[in-house]
Amino acid sequence: QVQLVESGGGLVQPGGSLRLSCVASGSIFSINAMGWYRQAPGKERELVAGIITGGRTTYADSVKGRFTISRDNAQNTVFLQMNSLNSEDTAVYYCHAQVVVQTIPYREVEVWGQGTLVTVSS
């Protein structure tokens, strides 16, 4: 009933920037948290950045100072601004959300997007 659609991935040179977007749609009562995860070949999926109700954010140490997560609550959208990209940032990036859906009774579900590939290469 709830879907996440990511966009903005692609090929970028080292030192460049990308902005990822994720739009949530469906029978949404509220979104308690949204975040970005990434997974590179041979590695575990890891949390890159998260944002919760009220705007509090968290970041992986490897991206602090380079990445910024933000939300547009009216559009049910989360963004990830990625600056100063390097080869270690190459991965599939997944949007994730904790959503309260409009069911009777209301319930919280976790939803994943399909992922968008970010490749940092010269």
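Scroll up a little and you will see the structure.
All of the points below concern the structure found in this document. (Residues numbered from 1 in each chain as written. Predicted model: local features only at pLDDT ≥ 70, side-chain atom pairs only at ≥ 80, totals over all residues. Heavy atoms only, no water.)

**Looking at the nonpolar core**
- In terms of nonpolar packing, the biggest core is built from 33 residues, with Met34, Trp36, Leu80, Met82, Tyr93 and Val99 touching the most fellow members.
- Considering each element in turn, this core owes the most residues, 6 residues, to strand 9 (residues 91-101). (Core = buried A, V, L, I, M, F, W, Y, C linked by side-chain atoms within 4.5 Å. Buried < 20%, exposed > 50% of the residue type's maximum accessible area, 1.4 Å probe, protein only. Helix = DSSP H or I, 4+ residues; strand = E, 2+ residues; numbered from the N terminus.)

**Describing unusual backbone geometry**
- Pro105 follows Ile104 through a cis peptide bond whose omega is -5°.
- Within the secondary structure, Pro105 is located in the loop between strand 9 and strand 10 (107-112).
- Positive phi values are uncommon outside glycine, yet Asn76 reaches one of about 50°.
- Its location among the elements puts Asn76 in the loop between strand 7 (67-72) and strand 8 (77-82).
- Non-glycine residue Ser84 carries a positive phi angle of around 50°.
- Here Ser84 is to be found in the loop between strand 8 and strand 9.

**What about the packing of aromatic side chains?**
- Tallied over the full model, the rule gives 3 aromatic pairs.
- Judged by centre distance (6.5 Å) and plane angle (85°), the rings of Tyr94 and Trp112 are edge-to-face. Of this pair, Tyr94 sits in strand 9 while Trp112 sits in strand 10, and the two are 18 residues apart along the sequence.
- Residue Trp112 is classed as partly exposed on the basis of its relative accessible area of 36%.
- These aromatic residues form a ring-pair network of at least three members: Tyr37, Tyr94 and Trp112.
- Here Arg45 stacks its cationic end above the ring of Trp112, 4.8 Å away from the centre of that ring. (Phe/Tyr/Trp six-rings, centres within 6.5 Å; stacked < 30°, edge-to-face > 60°. Lys NZ or Arg CZ within 6 Å of the ring centre and 35° of its normal.)

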